[in-house]
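Structural features, examined
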Amino acid sequence: MDLRLAFFYVGFMTASALGENSSSKARSCSDVRQVYSAKGFTLTGVPQTEISGRHLRICPQGYTCCTSQMEETFSNLSRREFEGRVKEAGRSLQAMLNAQHKNFDGYFLDLLNKSERSLQDVFSKTYGELYTSNAKIFSDLYAELRHYYRGANLNLEEALHEFWTRLLERLFRRLNPQYQMSDEFLDCVVKHAETLKPFGEAPRELKLKVTRPFIAARSFIQGLDMASDVVRKVAQVPLSPECTRAIMKLTYCPHCRGLPSVKPCTNYCRNVMKGCLANQADLHTEWRSFVDSMLQVAERFNGMHSMETFIDMAPLKISDAIMNMNENGASISSKVFQGCGNPKLAGTRSSVGEEKKQRVKVQSEEKEKAVTGLGMDKLVSDVSGKLREMQLYWVQLPNALCNDAVTAGPSSEDKCWNGMNKGRYLPEVMGDGLASQINNPEVDIDITKPDITIRQQIMQLKIMTNRLKNAYNGNDVDFQDTSDDISGSGSAMGCPEEVCPGSSGRMIVPSTNKPNLYGLPNEKKQGVMGAGSHSHSRPHSLLLLLPLLPLAGMFRR
């Protein structure tokens, strides 16, 4: 009985539909033909008037202006257009990140180059042959700083320690030219420097001014690089077959229905986009944490630990160190000889100590002036503003793709394409992310199968955020092989040295120790010139992110 009723119902609906269509003249497909031709497709086989739509596989099977071939052609076109819009949005974000990378990288390296040129100019005039004969020591220091900034697996404290050690050996030989000093004797000199402090407080002060800004700068530039790479890889994620069907139904099924001028309902578009971009939206949590950490690290470029402070003061601190050793050369030499013994005499050689002491002191006093600029402040302000703009990118992307240029807008809620015909769209809009699409009426998604590529990028964001948090606290970290590193998702905040100076471990180390090498024991090498302390800056509360305005008018067809 139920089966007979079902057949009766189907027959009744079919007869009603046929009767309705026979009572009126079949609608013309001229508008659809015009659009189809404008897209570059041939009109061969395109109906002049509506035909039965029983052959359609995606669009509603009512009367239609589309053949099977046209439906397939429109489906391929809708997929290409959607992928193009997503990639264009990604390119816009990449361009923003790359521009900030270029600005920051260029400014930072320019400051470093200016510091080196300043040192060369002043030292060649002030110290003459003493500098020129040992210029490689100074150029090597700046080369190591550049390598560290570029992400080399380099211990910043050890690089500074090596510089002061080499400088000490050269200056001690020069202060005592009458002696022939072996490598063993010079090693003894270096060991006694820990207590004698031949360079005064300059090594400690320089280390304090170098470590935090360089750790912050390196992590920051690496963060910009990583973010751009994440956007590039996510933009290449292909559409699923279910999403391809939904995009076709959204964009070109109204054409097949004979309604090419009717735009989709806004909420209908949003449900399709939220379903198609569900995996991308899952980036939001880690992306926002990453941006927050980048903004915190940017704080390290201002104030007493700023890069510009180091650039201005580095040559002066090194000059102070040389002057201190020249002025106290006799006392230092006497104490070293007491502890290490007297080396062999090398023969009759004249001493240049007194001449240098006088000349160095005068020149160093003339140099005591520091220059501060606002260039870094403006740069940090600009990049921080751009970072805030992109903070909500992944969850705002569906709305950006459903702007007024694409959808009918709120004023036409009763006259828009709802997926079946022209009329109001009733289903509610889904939330963001894969788990929220379980009841999405437009895109059939298996929420138990997340996209592998996007999951990998989420892990990369976690790792980089972890490292940025370390850098914010002055903890040195290793940036080698970040694409394969999946071990950094744990806690990374640590604590400043003045709060818990004894803290150490595989993930958190004191601020000037060897960079973290994940999975290896912590290595610590004590410097010979004295250890420094670090001040702890208070993180500011972050502003809410501005809307993603640049995408608002991007996708007009």
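So, a few notes on the structure that sits alongside this text. (Residues numbered from 1 in each chain as written. Predicted model: local features only at pLDDT ≥ 70, side-chain atom pairs only at ≥ 80, totals over all residues. Heavy atoms only, no water.)

Let us look at the overall build of the protein chain. What the protein chain contains, in helices and strands, is 19 helices and two strands. A buried classification covers 49% of the 557 residues belonging to the protein chain. When contacts within the protein chain are restricted to residue pairs at least 6 apart in sequence, those whose partners lie at least 24 apart make up 81%. Approximately 26,600 Å² of the protein chain is accessible, and the part contributed by carbon and sulfur atoms is 51%. (Helix = DSSP H or I, 4+ residues; strand = E, 2+ residues; numbered from the N terminus. Buried < 20%, exposed > 50% of the residue type's maximum accessible area, 1.4 Å probe, protein only. Contact = heavy atoms within 4.5 Å. Areas by Shrake-Rupley, 256 points an atom, 1.4 Å probe, with all protein chains shown as cover.)

Time to look at the packing of aromatic side chains. Summed over all chains, the structure comprises 24 aromatic pairs. One aromatic cluster is present, formed by F123, Y127, Y131, F138, F163, W164 and F199 through successive ring pairs. Against the face of Y148 rests R218, its NZ or CZ located 4.0 Å from the ring centre. A cation over a ring is seen here: R300 above Y472, with NZ or CZ 4.4 Å from the ring centre. (Phe/Tyr/Trp six-rings, centres within 6.5 Å; stacked < 30°, edge-to-face > 60°. Lys NZ or Arg CZ within 6 Å of the ring centre and 35° of its normal.)

A full pass over the atoms with the stated rule returns seven disulfides. Each sulfur of the disulfide joining C243 and C276 lies 1.9 Å from the other. Handedness here is read from the sign of the S-S torsion; for C243 and C276, about 115 degrees, the answer is right-handed. Taken together, the residues span a long stretch of sequence, with C243 in helix α9 (residues 241-251) and C276 in helix α11 (residues 266-276) at a distance of 33 residues. The exposure classification of C243 matches that of C276, with both residues buried. Note on cysteine connectivity: C269 is disulfide-linked to C402, with sulfurs 2.0 Å apart. As the torsion about the S-S bond is roughly -85 degrees, the C269-C402 disulfide counts as left-handed. One end of the pair, C269, is in helix α11; the other, C402, is in the loop between α18 (393-401) and α19 (452-472), and 133 residues separate them in sequence. Note on C402: relative accessible area 4%, which makes it buried. (Disulfide = S-S within 2.5 Å.)

Another point: the packing of helix α3 (residues 68-126) against helix α17 (residues 375-389). The interhelical angle for the contact between α3 and α17, taken along N-to-C directions, is 160 degrees, at an axis separation of 11 Å. With respect to their mutual orientation, α3 and α17 come out roughly antiparallel. The handedness of the crossing between α3 and α17 comes out as left-handed. Note on element contacts: α17 touches α3 through G375, M376, L379, D382, V383, K386 and E389, opposite M96, Q100, N103, F104, Y107 and L111. Of the residues in the contact of α3 with α17, the class split is seven nonpolar, three polar and three charged. (Axes fitted to C-alpha atoms, helices over the stretch in contact; angles between N-to-C directions. Parallel < 35°, antiparallel > 145°, perpendicular 65-115°, else oblique. Left-handed = near helix turned anticlockwise from the far one by under 90°. Nonpolar A, V, L, I, M, F, W, Y, C, P; charged D, E, K, R; others polar.)

The subject of this paragraph is the side chain of N440. Turning to its location among the elements, N440 is positioned in the loop between α18 and α19. A relative accessible area of 9% places N440 in the buried class. A polar contact is formed between the side chain of N440 and the side chain of Q437, at a distance of 2.7 Å. Only 3.3 Å separates the side chain of N440 from the backbone nitrogen of V443, close enough to count as a polar contact. Excluding residues within four positions of it along the chain, N440 makes contact with N271, G275 and M430. (Polar contact = N/O pair within 3.5 Å; in protein donor to acceptor, adjacent residues only side chain to side chain.)

On to helix α13 (residues 284-298), then. Between the first and last C-alpha of α13 there are 21 Å, a value that for 15 residues agrees with the 21 Å anticipated at 1.5 Å per step. Among the 15 residues in α13, eleven count as buried, and that is most of the element. Turning to α13, its buried residues are H284, E286, W287, F290, V291, S293, M294, L295, Q296, V297 and A298. Taken together, the buried residues of α13 touch α3, α8 (202-235), α12 (278-281), α17, α18 and α19. (Expected span 1.5 Å × (residues − 1).)

What follows covers helix α2 (residues 30-38). Among the residues making up α2, those that are buried are V32, R33 and Y36. When α2 is viewed along its axis, its buried side chains cluster within an angular range of 100 degrees and face the same direction. Of the exposed residues in α2, the ones pointing more than 90 degrees away from its buried face are Q34 and A38. Contacts from the buried residues of α2 go to α3 and α10 (253-256). Phi turns positive, to about 95 degrees, at G40, one or two residues after α2. (Arc of directions from axis to C-beta.)

One pass over the structure, following the stated rule, counts 20 salt bridges. D382 is the partner of K378 in a salt bridge, and the nearest nitrogen-oxygen pair spans 3.0 Å. Here K378 and its partner D382 are both found in helix α17, four residues apart, which amounts to about one turn of the helix. Each of the salt bridges in this network shares a partner with another, and the network as a whole consists of K136, D140 and R166. (Salt bridge = Lys/Arg side-chain N within 4 Å of Asp/Glu carboxyl O.)

Let's shift gears to the packing of α3 against α8. Where α3 contacts α8, the axes come no closer than 9 Å and their chain directions differ by 160 degrees. Taken together, the axes of α3 and α8 lie roughly antiparallel to each other. In the packing of α3 onto α8, the handedness of the crossing is left-handed. Along the contact surface, α3 presents K87, G90, L93, Q94, L97, N98, Q100, H101, F104, D105, F108 and L112, while α8 presents F214, A217, F220, I221, L224, D225, A227, S228, V231, R232 and A235. Classifying every residue of the contact of α3 with α8 gives 13 nonpolar, six polar and four charged.

Of note, T266 is situated in helix α11. Sequence separation between T266 and N399 is 133 residues; the distance between their C-alpha atoms is 9.0 Å. What T266 contacts, discounting residues up to four positions off in sequence, is C402, T407, G409 and P410. Reaching out from T266, the side chain makes a polar contact with the side chain of T407 at a distance of 3.2 Å.

Along the chain, L468 falls in helix α19. Take L468: its relative accessible area is 1%, and that puts it in the buried class. Remark: the alpha-carbon pair of L468 and F290, spanning 178 residues in sequence, is separated by 8.0 Å. Beyond its immediate stretch of four places on either side in the chain, L468 contacts S219, F220, F290, S293, M294 and V297.

Time to look at unusual backbone geometry. The phi dihedral of K197 is positive, around 45 degrees, even though this residue is not glycine. Looking at the secondary structure, you find K197 in the loop between α7 (183-196) and α8. You can call K197 partly exposed: its relative accessible area is 38%.

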